[in-house]
Amino acid sequence: MAAEKEYDLFVIGAGSGGVRASRIAATHGAKVAVAEDGAMGGTCVNVGCVPKKLFAYGSHYVHDFKDAAAFGWNLPTDHEAGISVDWQRLISNKNEEILRLNGIY
């Protein structure tokens, strides 16, 4: 049988809310424990809000390139002229950003 431990606050989930509650309680002297089954940061950071925003931001660039001509830029205007998406690089960069955020939590 495992040894019994006492905590002032036991938080289930290390998403934004759980981590914030834990940190605030700890700054007030509470003995805090956090249980997390997955990666730090919760659903939003790992598979929800953050990946969605990175993909959404990336999807707008093709329109920005087309609009740039009105601001004096001379850029190719379609994939035949050199604009393309490197999907593997986008995924890799998204994964690196999520790992960075996991480290902050």
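These figures come from a predicted structure and were not determined experimentally.

## Some thoughts on the overall build of the protein
Line of reasoning, step 1. Check the secondary structure of the protein and you find 5 helices and 2 strands.
Line of reasoning, step 2. Across the protein, helices and strands are ordered from the amino to the carboxyl terminus as β-α-β-α-α-α-α.
Line of reasoning, step 3. The globule rule puts the C-alpha radius of gyration for 105 residues at 13 Å, and the 21 Å found for the protein is more than 25% above it.
Line of reasoning, step 4. With the principal axes as the frame, the protein shows a C-alpha extent of 65 × 30 × 15 Å.
Line of reasoning, step 5. Sorting the 105 residues of the protein into buried and exposed places 19% on the buried side.
Line of reasoning, step 6. Of all intrachain contacts in the protein linking residues separated by at least 6 positions in sequence, the fraction that spans at least 24 positions is 50%.
Line of reasoning, step 7. Of the roughly 8,100 Å² that the protein leaves accessible, carbon and sulfur atoms contribute 57%.
Line of reasoning, step 8. If you average the places of the 10 positive and of the 12 negative side-chain charges in the protein, the two averages end up 5 Å apart.

## Some details on helix α5 (residues 87–104)
Line of reasoning, step 1. Taking 1.5 Å per residue, 18 residues should reach 26 Å; α5 reaches 26 Å between its end C-alpha atoms and fits that length.
Line of reasoning, step 2. Those residues of α5 not exposed but buried are K94, I98, L101 and N102. Angular distribution of buried residues about the axis of α5 spans 105°; they occupy a single face of the element. Opposite the packed face of α5, turned more than 90 degrees from it, sit the exposed residues Q88, R89, L99 and G103.
Line of reasoning, step 3. On the buried face of α5, the contacting elements are α2 (42–47) and α3 (49–59).

## Quick word on the environment of Y105
Line of reasoning, step 1. Mapped onto the secondary structure, Y105 falls in the segment after α5.
Line of reasoning, step 2. Distance from Y105 to V19, taken between C-alpha atoms, is 7.1 Å for residues 86 residues apart in sequence.
Line of reasoning, step 3. Not counting the four nearest positions on each side in its chain, Y105 is found in contact with A14, G15, S16, V19, R23, M40, G41 and V45.

Calculation rules
- Residues numbered from 1 in each chain as written.
- Predicted model: local features only at pLDDT ≥ 70, side-chain atom pairs only at ≥ 80, totals over all residues.
- Heavy atoms only, no water.
- Helix = DSSP H or I, 4+ residues; strand = E, 2+ residues; numbered from the N terminus.
- Rg over C-alpha atoms; globule rule 2.2 N^0.38 Å.
- Buried < 20%, exposed > 50% of the residue type's maximum accessible area, 1.4 Å probe, protein only.
- Contact = heavy atoms within 4.5 Å.
- Areas by Shrake-Rupley, 256 points an atom, 1.4 Å probe, with all protein chains shown as cover.
- Lys, Arg positive; Asp, Glu negative; His and termini not counted.
- Charge placed at Lys NZ, Arg CZ, Asp CG, Glu CD.
- Expected span 1.5 Å × (residues − 1).
- Arc of directions from axis to C-beta.

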